[in-house]
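Structural features, examined
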Amino acid sequence: MLPLCLLRLPAAGAAATGPKVPRAGDQGRDLGPSWHRARGRNSGIVIVDRAANAVVLAWLLLTALAVLVRDHLPAPDWLLIHVFLLGAVTNAIVAWTDRFATARLRLPAPPQWWPATRLLALNAGVAAVLRGATNGHPELATAGAAIVVGIVCAYVTVLTVRSRRAWRGRFGHVVAWYASSGLALIAGGTLGGWMASGRAPAMWHMRLEAAHMHANLLGWVGLALLGTLFALWPTVLRIRVPAALARLSLCLTVPGLVVAVIALAANARWIALAGLLLYTAGAALSLVPFVRTRRHTPAAWMLAAATAWFLIALVTDLVIVATRPPAEVAQGLEPLLPIALGGFVLLAVVAAIRSLRSRLSPPIAGVAVGCLLTALAVVFATSGQTEAPVQTVAASGTRVVDVTLANMRISPGTIEAAPGTRLVLRVTNKDAMQHDLRLDSGQATPMLDKGESATLTVPSVKGTIDGWCTVPGHRAAGMTMQIKTASHHTTASDQPDVMAHPSPGWKPYDAALKSAPGAKEHRVELHATDRQLEVAPGVQQTMWTFGGTVPAPVLRGKIGDTFVITLVNDTTMGHGIDFHAGSLAPDVPMRTIQPGERLTYRFKAEHAGAWLYHCSTMPMLQHIANGMYGAVIIDPPDLPSVDREYVLVQGELYLGQPGSAAQVAKMREGRPDAWMFNGTAAGYDHAPLTARAGDRVRVWVVDAGPSSSTAFHIVGAQFDTVYKEGAYLLRKGDPGGSQILDLAPGQGGFVETVMPEPGHYPFVDHDMRHAENGAHGILKVTR
């Protein structure tokens, strides 16, 4: 593009060779009518001219239709912009700049076959790009881009050859502008075809998209408009505009654009900014003729307004490039499109006015008005569009987010999470075509057919992670997302959503309590392990466990039984174990064992009760709060059988990386994120315990704490038996009744009740802070 601006363009009044150019007296007279009379001698060219106008109008109608049905289109925003810019505007530039150059330079007519061939091939290429990019056919989109680039390359070549004798004329710079514009489209179209093919490196994609957008908008469209503007000023202002001014503007804008496009693709932000400053300075020179003229017509004011609008868009672009890395420029430019299109609206108005005043053919005037109305519709549609959905997940811990692939969009488009959050994405394809999801952190789903799902896990959210569909053309069509870190302040919104649904495949801890084995000695091997568990609906967390569950396996026996427990440490840190059900010196059996070690803990059950066991390693606050606890049930003598028997171990949930400063701070301050029965907040809301009307139900409760007491209550039921800390507080047959089993951390007991009738009986910790944040479930009673 650069050599075009260095062509010798003589100052006004210099001698010119080649075809006759307008005299000074022609400055206020439009050459359109005479040009049309000349072209009228060739009816074939006139027919093609009218066909070109009709094609532009057809693309405008398609754009208007796309505005009306945009919610039902694949990649609606991408398709809407490209139908307008690649369809209507590209056809208009190719057809009308050729006519304008021919009129100003009085060029000979091209070969008769060329305009028709150009028209057909160009639109076939545009249609292929649109079809291929939005329907997952990369080879079609790439072929279409190649056709468009090839036709524009031929257009530039033919225009240059036809005007070779007029380059030194007063309006010879017009050809240089249009040729530079075409070369910009060749560069931008090549980048677009490369991205659509899927062969461009994924890590370059966003930078290439920014370069593609600048080459097409500032080059193909911008340079063509600026060249036309310099050629229109003499007619509109009725003055002689020095050709040197147009030459200087061209020598600033073209190199500036080249530098900006290359720098954006190369991830060199500040060099790109310098190039854009150079381009903006050159574009600003186009207003000099207007500023130097005292009297202005309405058409002159509208041309100046359109140019000012374009300059505002350039300044906005400068701000975006200066404040964002090149990989984020394309996303930042999306709101800029309505501003740029607004300038096109004003230019379309001027074109309509000039067409009517200079008696150009009605079809051209009609198409110009169509450009105005359609551009207004596009501005309205794109500026009014809603942002991609943003989902903010609770701070820290593991979070599960449902991601859908539909309508050539990824939803949510942005996920915000606290630094360090472990993010699990459940990805489902709801489109008829195949999609996948790849993250630039390395995780990727397989290719998914309609209705198929897959899971991606981000171990720790850090910085910004881009995601996209890898099907060629889909990323360019808008199938992108971002995962961002968000600053965090603890608020009520950080609590898990206990009303949400658990993840598919989740199974509750089995609360049904088996009868005590008949043997007098119970041998159990417990492995200390770290496990990823669902601790609230859709919320996963790394937990420290005995036996891989929270709570640990429930042990049951009778007074006098001996328990032989072998603890094996399969983790990367030290752990120990403390059984409240045994009475012995803690020095040896409760000692901490290191990773890979094992110990045997032997105790005899001397007393009945609901006993807690937990990790004995300091700091015990962290080990218990992170899940290392369980229950030992030692039956009281002559314990009668019942119809249903359950055990519930209540614990606190502290989200976050186990052992992290933020998590430990919440533990020390007694600020749990939720409360749990048997390791899952609100788990039994989704998997209710069951009984029949008239059943006697016994519920053993152990409070694992480590800090909160509990007040166990079954809504709609009364307890006729209460056993707490080894003693009956109430027995069946007593005249009184009970409503609460109150337990401090580390205590246990049981209650019994007879279910009066079918229904759903909530059971809760009657401390409503706990109940409303997970310490609740359902006992479903049927006939």
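Residues numbered from 1 in each chain as written. Predicted model: local features only at pLDDT ≥ 70, side-chain atom pairs only at ≥ 80, totals over all residues. Heavy atoms only, no water.

**Description of the pattern of salt bridges**
Taken as a whole, this structure holds 17 salt bridges when the rule is applied. For the salt bridge of Asp720 with Arg696, the shortest nitrogen-to-oxygen distance reads 2.7 Å. Residue Asp720 is located in the loop between β22 (710-714) and β23 (721-724), and its partner Arg696 is located in strand β21 (residues 696-705); the two are separated by 24 residues in the primary sequence. Here Asp742 makes a salt bridge to Lys724, at a shortest N to O gap of 3.4 Å. Of this pair, Asp742 sits in strand β25 (residues 741-743) while Lys724 sits in strand β23, and the two are 18 residues apart along the sequence. (Salt bridge = Lys/Arg side-chain N within 4 Å of Asp/Glu carboxyl O. Helix = DSSP H or I, 4+ residues; strand = E, 2+ residues; numbered from the N terminus.)

**Re the nonpolar core**
By size, the foremost hydrophobic cluster in this structure holds 98 residues, and its most contacted members are Tyr155, Trp177, Tyr178, Trp233 and Tyr279. Element by element, the count of residues in this core is highest for helix α7 (residues 205-238), at 17 residues. Residues in contact with Tyr155, not counting those within four places in the same chain, are Ile93, Val94, Thr97, Asp98, Trp114, Arg118 and Tyr178. If you look at the next biggest cluster of nonpolar residues, it comprises 51 residues, including Ala552, Phe603, Ala608 and Val702. (Core = buried A, V, L, I, M, F, W, Y, C linked by side-chain atoms within 4.5 Å. Buried < 20%, exposed > 50% of the residue type's maximum accessible area, 1.4 Å probe, protein only. Contact = heavy atoms within 4.5 Å.)

**A look at the environment of Trp506**
On the secondary structure map, Trp506 appears in the loop between β9 (480-485) and β10 (521-536). Through-space distance from the C-alpha of Trp506 to that of Glu534 is 7.5 Å; in sequence the pair is 28 residues apart. Residues contacting Trp506, with those up to four places away along its chain left out, are Glu534, Thr680, Gly683, His686 and Ala687.

**Observations regarding the sheet that holds β23**
On the basis of which strands lie adjacent, the open sheet formed by six strands has the order β19-β18-β21-β26-β23-β24 and mixed pairing. Taken across any chain shown, the strands that pair with only one partner, and hence form the sheet edges, are β19 (674-677) and β24 (727-730). Going across the sheet, the axis of each strand differs from the next one's by a mean of 20°, ignoring polarity. Bridge count for β23 against β24 is three bridges, and the pairing is antiparallel. (Pairing = 2+ DSSP bridges. Axes fitted to C-alpha atoms, helices over the stretch in contact; angles between N-to-C directions.)

**Considering the pairing of strand β13 (residues 562-569)**
With respect to burial, β13 is a largely interior element, eight of its eight residues being buried. Neither face of β13 is exposed, since Thr562, Val564, Thr566 and Val568 on one face and Phe563, Ile565, Leu567 and Asn569 on the opposite face are all buried. With eight bridges joining them, β10 and β13 adopt parallel strand pairing. Looking across to β13, one finds that His522 is bridged to Phe563. Sheet analysis places β13 next to strand β15 (residues 598-604), joined by seven bridges and oriented antiparallel. The residue bridging Thr566 from the neighbouring strand is Thr600, located in β15.

**Some details on the packing of aromatic side chains**
A full pass over the atoms with the stated rule returns 20 aromatic pairs. Residues Phe712 and Phe763 carry aromatic rings whose centres are separated by 6.3 Å and whose planes lie at 40° to one another, so their mutual orientation is tilted. Here Phe712, found in strand β22, pairs with Phe763, found in strand β27 (residues 759-765); they are 51 residues apart in sequence, far enough to count as distant. On the basis of relative accessibility, which here comes to 1%, the residue Phe712 falls in the buried class. Classification of Phe763 as buried rests on a relative accessible area of 2%. Ring geometry for Tyr723 versus Tyr728: centroids 4.9 Å apart, planes at 70°, classification edge-to-face. Within the aromatic cluster, the residues linked to one another by ring pairs are Phe546, Phe563, Phe579, Tyr601, Phe603 and Tyr613. Just above the ring of Phe750 sits the side chain of Arg698; from NZ or CZ to the centre is 5.2 Å. Over the ring of Tyr728 we find Arg731; its NZ or CZ atom is 3.8 Å from the centre of that ring. (Phe/Tyr/Trp six-rings, centres within 6.5 Å; stacked < 30°, edge-to-face > 60°. Lys NZ or Arg CZ within 6 Å of the ring centre and 35° of its normal.)

**Some points on a nonpolar patch on the surface**
On the surface, Leu62, Leu65, Leu68 and Val69 cluster together to form a nonpolar patch covering roughly 370 Å² of accessible area. Mapped onto the fold, Leu62 is located in helix α2 (residues 43-68). According to the relative accessible area criterion, Leu62 is partly exposed, its value standing at 42%. (Patch = residues over 30% accessible without salt bridge, like charges linked within 9 Å, V, L, I, M, F, W, Y side chains within 5 Å. Areas by Shrake-Rupley, 256 points an atom, 1.4 Å probe, with all protein chains shown as cover.)

**Topic: the confidence of the model for the chain**
Predicted coordinates in regions of low pLDDT should not be interpreted in detail. The share of residues in the chain with pLDDT of 70 or more is 80%, and the mean pLDDT across the chain is 81. Low pLDDT, under 50, characterises residues 487-493; the predicted model gives this stretch five contacts beyond four residues in sequence or across chains. (pLDDT = per-residue confidence, 0-100.)

**Overview of the environment of Thr455**
Among the structural elements, Thr455 can be located in strand β7 (residues 453-458). Through-space distance from the C-alpha of Thr455 to that of Ala444 is 8.8 Å; in sequence the pair is 11 residues apart. Beyond its immediate sequence surroundings of up to four residues, Thr455 is in contact with Val424, Leu425 and Arg426.

**Observations regarding the sheet that holds strand β12 (residues 555-558)**
Read from one edge of the open sheet, four strands run β12-β17-β16-β14, paired in mixed fashion. The outermost strands of the open sheet, each flanked by one partner alone, are β12 and β14 (578-579). Relative to strand β17 (residues 629-635), strand β16 (residues 609-614) runs antiparallel, the two sharing six bridges. Looking at β17, one finds that Gly609 is bridged to Ile634.

**As for unusual backbone geometry**
In this structure, the amide linkage connecting Ser411 to the following residue, Pro412, adopts the cis form with an omega of 0°. With respect to the helices, strands and loops of the structure, Pro412 is situated in the loop between β3 (409-411) and β4 (414-417). A cis amide bond, omega -5°, links Met618 with the succeeding residue Pro619. Mapped onto the elements, Pro619 comes out in the loop between β16 and α15 (620-625). Notably, Arg238 is not glycine yet its phi reads approximately 60°, a positive angle. Here Arg238 is to be found in helix α7.

**Re the packing of helix α6 (residues 173-197) against helix α8 (residues 243-265)**
Contact geometry of α6 with α8 gives a least axis separation of 10 Å together with a crossing angle of 10°. The angle between α6 and α8 falls in the class roughly parallel. Between α6, through His173, Ala176, Trp177, Ser180 and Ala184, and α8, the contact on the second element is made entirely by Ala243, Ala246, Ser249, Leu250, Thr253, Val254 and Leu257. (Parallel < 35°, antiparallel > 145°, perpendicular 65-115°, else oblique.)

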